[in-house]
Amino acid sequence: MQKTREYISSNKERFLNELIDLLKIPSISADPEYADAVHQTADEVANNIKRAGADLVEVSETDGYPIVYGEKIVDPSWPTVLVYGHYDVQPADPIDLWDSPAFEPVIKKTELHPEGAIFARGACDDKGQMFMHVKAFEAMAASGELKCNVKFMIEGEEEVGSSNLATYVKENKEKLKADIILVSDTGMLANDVPSITTGLRGLSYVEVEVTGPNRDLHSGLYGGCVANPINILAKMIASLHDENNHITIPGFYDKVVELSDEERAEMAKAPFSKEAYCKSINIKDIYGESGYTTMERGSIRPTLDVNGIWGGYTGEGAKTVIPSKAYAKISMRLVPDQDPNEITKLFMDHFMAIAPDGVTVKVTPHHGGEPAVTPIDSVGYEAASKAYEKTFGKRPIPVRSGGSIPIVAMFEKELGLKTILMGFGLDSDAIHSPNEHYGLFNYYRGIETIPYFYHYFYEMNQ
Ligand code: BES
Ligand code: MN
Ligand code: MN
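No experiment lies behind these values; they were computed from the predicted model shown. (Residues numbered from 1 in each chain as written. Chains lettered and ligands numbered in written order. Predicted model: local features only at pLDDT ≥ 70, side-chain atom pairs only at ≥ 80, totals over all residues. Heavy atoms only, no water.)

Some remarks on the coordination of the manganese ion (ligand 2)
Thought 1: Listed as protein donors to the manganese ion (ligand 2) are H86 (NE2), D125 (OD), D185 (OD) and D185 (OD); their distances from the metal cover 2.0 to 2.4 Å.
Thought 2: What the six donor atoms of the manganese ion (ligand 2) show is an angle range of 56 to 166° at the metal, which sorts the shape as irregular.
Thought 3: Between the manganese ion (ligand 2) and the manganese ion (ligand 3), a separation of 3.6 Å is found, and both are coordinated by D125. In this pair, H86 sits in strand β3 (residues 80–86) while D125 sits in the loop between β5 (117–119) and α4 (127–143), placing the two residues 39 residues apart along the sequence. Each member of the pair, H86 together with D125, is buried. (Donors = N, O, S within 2.8 Å, 3.2 Å for Na, K, Ca; no water. Tetrahedral: all angles 85-135°; square planar, octahedral: opposite > 155°, others 65-115°. Helix = DSSP H or I, 4+ residues; strand = E, 2+ residues; numbered from the N terminus. Buried < 20%, exposed > 50% of the residue type's maximum accessible area, 1.4 Å probe, protein only.)

Have a look at this one:
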């Protein structure tokens, strides 16, 4: 891998500039106004994969945004790595809270990134992390040290539920044949505490609408006499957790897999500082389900959270009104073996059941996804673990993450393949938030670590 390493170190500047170019294109999949930019990003990703040394590159149209496919088959008898990533990004809102514009990348130093970090929407999630794979591939191909076949599948709808990816995967099973899937779209514990993500939570997402009277009413004339949909919605939402912060929906926990004491003890070995945690997000104390640590609450336990709530008068000054309607968006993060469709159904039934007669309730499900866990005794995990050991000088810790990448379970079902989640972001990188950034250390360390994965994966398959 010597030549690959040298290639990387002599092309560092260019690797960064190319990422910066990609970050300038606002590929916001959620907002149709940015459709052209999303398509342009797909083309740029394709060009980059081509330039990096792929023999075949396609931009496959779907009913939504295109999927970029690229491959290099070096030797059909060698193992094949399928790289998945996404080139779409979250909206930049609230834009006022960015210190510099979201699509004008700048490099600044931070406490956790003393070597500098790139500030831009998508820097970490997922353009920066996805691009590490393109650059690692380029370095290996250019050095003649690529010992696995590579297939890239980079989509543009991850942030909006990947609704066209399943169809693509189903229709291209032969083309996507591989031995392992490699994804960098998660995080690690700290720059000096490498970790590999071994689990992701699933997701059930609903929107609720509570309707009271047929029009907004004068709150003096009608106040006290009719159900106020906002009061009712607040009450209903509050009732979804009990005093121990357990979720009260009947059946919600029925399929939750409880970890053994040994597994929990193993998890507890990962370093965690409550003080640092609170300080980093400026809160006085942690909060959550009784009987579980913060690490557990955020990974092996399911949750229910309101993501947004609105209704009634929210303009300047005071308007005395009982609104006709109230709304909320609610997400539930799920753990094995909860099924998103079942949970959505349980939520719907329960939410309807607890509504008083003075209102009507409508629940609309949004996209969801299944949880996933990956074993740590597989060849893929071992290859990843050795790769981290090589570049970080320590064995990575297996950690289950609280986030969701629903396609991981889908890949397993459709392609029969396990995914290795080699994420290099930090929780503090502000993904989905204003001032998203990605450490230069993380970007380069990722580019250096990935080739070792290929190296060990090849060796261990011989
Ligand atoms: N890359 C994230 C997921 C993630 C981030 C997992 C950090 C673990 C650690 C992904 O782009 C994402 O944002 N997923 C969504 C779900 C999706 C269905 C919109 C999420 O987790 O909210
Ligand atoms: Mn992502
Ligand atoms: Mn995301």
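Section: the domain arrangement of the protein
One widely used convention gives an interface's size as the accessible area the parts lose upon coming together.
Thought 1: When the domains of the protein are assigned, the result is domain 1 (2–200 + 371–460) and domain 2 (202–256 + 302–369).
Thought 2: Domain 1 and domain 2 are separated by 36 Å when their C-alpha centres are compared.
Thought 3: Opposite the ten residues of domain 1 that make contact, domain 2 presents ten residues.
Thought 4: Buried area between domain 1 and domain 2, both sides added, is near 680 Å², and the carbon and sulfur share of it is 62%.
Thought 5: In terms of surface lost to domain 2, no three residues of domain 1 exceed P371, S404 and P406, which account for 60% of the buried area on that side. (Domains from an automatic or database assignment. Contact = heavy atoms within 4.5 Å. Buried area = accessible area lost by both parts, 1.4 Å probe.)

Re the sheet that holds β5
Thought 1: On the basis of which strands lie adjacent, the open sheet formed by three strands has the order β4-β5-β18 and antiparallel pairing. Looking along the sheet, the strands with just one partner apiece sit at the ends: β4 (106–108) and β18 (437–439). With direction set aside, neighbouring strand axes in the sheet form an average angle of 30°.
Thought 2: Pairing of β4 with β5, which is carried by three bridges, proceeds in the antiparallel orientation. (Pairing = 2+ DSSP bridges. Axes fitted to C-alpha atoms, helices over the stretch in contact; angles between N-to-C directions.)

Quick look at the layout of surface pockets
Thought 1: Taken as a whole, the second largest pocket holds about 390 Å³ of empty space.
Thought 2: In terms of lining residues, the second largest pocket is bounded by 22 residues, among which G161, G368, G369, E370 and P406 are the most central.
Thought 3: At the level of secondary structure, the elements contributing two or more residues to the lining of the second largest pocket comprise β9 (202–211), α10 (340–353) and α12 (407–415).
Thought 4: Here the lining of the second largest pocket takes four residues from α12, the largest share from any one element.
Thought 5: Along the lines of polarity and charge, the residues of the lining of the second largest pocket split into nine nonpolar, ten polar and three charged.
Thought 6: When residues of the lining of the second largest pocket are assigned to domains, at least three map to each of domain 1 (2–200 + 371–460) and domain 2 (202–256 + 302–369). (1 Å grid on protein atoms, 1.4 Å probe; cavity = no way out; pocket = protein on both sides within 12 Å on 5 of 7 lines; lining within 4 Å. Points joined across faces, edges and corners; volume = space filled by probe spheres on them. Nonpolar A, V, L, I, M, F, W, Y, C, P; charged D, E, K, R; others polar.)

Brief notes about the packing of aromatic side chains
Thought 1: For the coordinates displayed, the defined rule picks out 15 aromatic pairs.
Thought 2: The interplanar angle of 15° and the centroid separation of 4.9 Å between the aromatic rings of F347 and F351 together place this pair among those described as stacked. Linking F347 with F351, this pair stays in helix α10, spanning four residues, or about one helical turn. As far as burial versus exposure is concerned, F347 and F351 are alike and both buried.
Thought 3: Above the face of the Y444 ring, K12 is positioned so that its terminal group lies 4.5 Å from the ring centre. (Phe/Tyr/Trp six-rings, centres within 6.5 Å; stacked < 30°, edge-to-face > 60°. Lys NZ or Arg CZ within 6 Å of the ring centre and 35° of its normal.)

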